[in-house]
Amino acid sequence: MGNDVIGTINAELGGFKDKGYNIPGTTVITTKPPFFKPVIRIVEIDTAMDSRGKIIGSDIYPVTGGKYAFTFTAIKRFIDAGRIEFDKPDIDINPEFETVTAYVKGSRFDIEGTVRVQSDGKTINIPAREIEITETYSKRGEELARNEKWTEERLRRYIDMNVKSYMIQLKKFAVERAISGAQARVVTKLLGMKQAYPFGDLKKPFVVLSVIPDIDMEDQRIKEVVTLNAIGLRDIYYPAGSALPHVPHAHATEQRCIRSVSSGTSRKGLEARLPQVEDFLEFPVDRQREILRKLAMTKGVSSPLPVEHMTEEERKSFYERVHAAA
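Cut-offs used in this document
Counting of residues starts from 1 at the beginning of each chain's written sequence and follows it residue by residue. Where local features are concerned, this predicted model is filtered to residues with pLDDT of at least 70; where side-chain atom pairs are given and counted, the filter is 80 or more; whole-chain, interface and lining totals use all residues. Note: side-chain values were computed over all heavy atoms of the structure, leaving out hydrogens and water. Whether two strands pair comes down to DSSP finding at least two bridges between them. Secondary structure elements are taken from DSSP: a helix is a run of H or I of four residues or more, a strand is a run of E of two residues or more, and numbering for both begins at the N terminus. Only the stretch in contact is used when fitting a helix axis, every axis being a line fitted to C-alpha atoms; angles between N-to-C directions are given from 0 to 180 degrees. Note on terminology: angles under 35 degrees are roughly parallel, angles over 145 are roughly antiparallel, angles of 65 to 115 are roughly perpendicular, and the others are oblique. Pairs of residues are marked as contacts when any of their non-hydrogen atoms sit within 4.5 Å. Charged means Asp, Glu, Lys or Arg here, nonpolar means Ala, Val, Leu, Ile, Met, Phe, Trp, Tyr, Cys or Pro, and polar covers whatever is left, Gly included. A simple rule labels every residue: compare its accessible area, found with a 1.4 Å probe on the protein chains alone, to the largest value its type can have, and call it buried under 20%, exposed over 50%, or partly exposed in between. When we speak of the arc, we mean the arc of directions from the helix axis to the C-beta atoms. Only protein atoms enter the calculation, which uses a 1 Å grid: trapped sets of points that fit a 1.4 Å probe without letting it out are cavities, open sets showing protein on both sides within 12 Å along at least five of seven lines are pockets, and any residue with an atom within 4 Å of a point is a lining residue. Grid points are joined across faces, edges and corners, and a volume is the space filled by probe spheres set on the points.

### Focus on the sheet that holds strand 3 (residues 67-70)
One open sheet holds the three strands; their spatial order is 2-3-8, and the pairing between them is antiparallel. Of all strands in the sheet, those bounded by a partner on one side alone are strand 2 (60-62) and strand 8 (196-198). The average undirected angle you get between the axes of adjacent strands in this sheet is 40 degrees. The sheet contact formed by strand 2 and strand 3 spans three bridges and is antiparallel. Looking at strand 3, one finds that tyrosine 61 is bridged to alanine 69.

Okay, structure coming up:
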């Protein structure tokens with residue numbers, strides 16, 4: 001079984017390499033790690049430009065050297081594809097120097113099944129950003145002033161208005177920007193990516209190789225705890241200190257494997273995280289009722305009658321409604 005997976009993954013990687021796709025990090029695997037199986041995720045970058053050659057896509061922005069870096073919109077897709085988890089960030093706000101610094105630590109399971117950890121930080125320097133943005137809008141304003149014959153007063157108002165608007169947003173979201181900047185640096189390190197790429201390279205999709213738990217879903221207790229965890233009920237039935245069934249390499253990241261181990265298909269939204277009807281019906285009656293109560297309350301699906309009074313067929317019918325509406 002392991003050799004079949006290895007052969008399939010290597011064949012896919014080879015095909016992507018022949019097509020010229022970007023494959024950061026591992027390009028071939030030799031072993032299947034215990035309790036895990038390799039998966040491939042594809043990340044495509046929006047490189048749309050207008051007729052004047054200006055970037056209008058939301059995934060990249062120009063940097064020095066004629067290259068382009070990723071916005072956090074794109075980075076979030078790499079976080080998901082790379083199955084990266086972040087600890088709570090440390091924030092340092094320095095009123096004297098008007099700086100905001102975020103330090104983050106991210107981790108992911110590598111292809112060998114071991115946890116890789118990376119840390120990095122990002123500082124937002126408010127005064128320096130104000131100088132930079134003033135220069136940017138000054139250059140833009142001067143070009144507009146020449147083309148549209150603006151007065152000096154109008155040029156000054158244009159610069160002041162845009163710099164003021166930018167700085168309000170910067171100060172308002174300085175912490176968030178510092179965190180996303182630090183996370184972007186960690187992501188590129190964990191995935192073996194470059195900070196910036198030539199425009200032509202970004203037109204080609206990125207191939208991210210990750211691993212997900214290879215859990216024995218035939219084990220009834222394992223299937224139950226995975227399913228309960230997916231819909232937010234695990235702590236009700238397995239509070240801290242109780243005999244929680246062991247799931248190999250339990251990690252926050254691994255909860256995103258539910259769509260693979262519970263249904264075998266890729267679906268969007270809640271449906272991808274809910275157990276199939278036949279699995280739901282294997283739960284004890286009291287747990288079926290608790291699941292139905294929680295779903296009715298959190299997902300806004302009205303119950304035709306109290307779940308305590310439902311027959312098995314009625315519970316099944318209501319669960320099917322929830323499943324279809326997800």
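Past the structure itself, the notes keep going.
### Notes on the packing of helix 4 (residues 152-172) against helix 5 (residues 174-191)
Look at helix 4 against helix 5: their axes get within 4 Å of each other, and the N-to-C directions meet at 70 degrees. By the angle class used here, helix 4 and helix 5 are roughly perpendicular. Across the interface between the two elements, Tyr166, Gln169, Leu170, Lys171 and Lys172 from helix 4 touch Ala174, Glu176 and Arg177 from helix 5. Among the residues making up the contact of helix 4 with helix 5, the classes are represented as three nonpolar, one polar and four charged.

### Examining helix 2 (residues 72-81)
Within the sequence span of helix 2, burial applies to Ala74, Ile75, Phe78, Ile79 and Ala81. Mapping the buried residues of helix 2 onto a view down its axis gives an arc of 165 degrees, with all of them on the same face. If you follow the buried residues of helix 2, they end up packed against strand 1 (36-43), strand 3, strand 4 (85-86), helix 5 and strand 9 (206-213).

### Section: the layout of surface pockets
Taken as a whole, the largest pocket spans an internal volume of roughly 1300 Å³. In terms of lining residues, the largest pocket is bounded by 31 residues, among which Tyr61, Pro62, Val63, Ala69 and Arg129 are the most central. Taken together, the residues of the lining of the largest pocket break down into 16 nonpolar, eight polar and seven charged.

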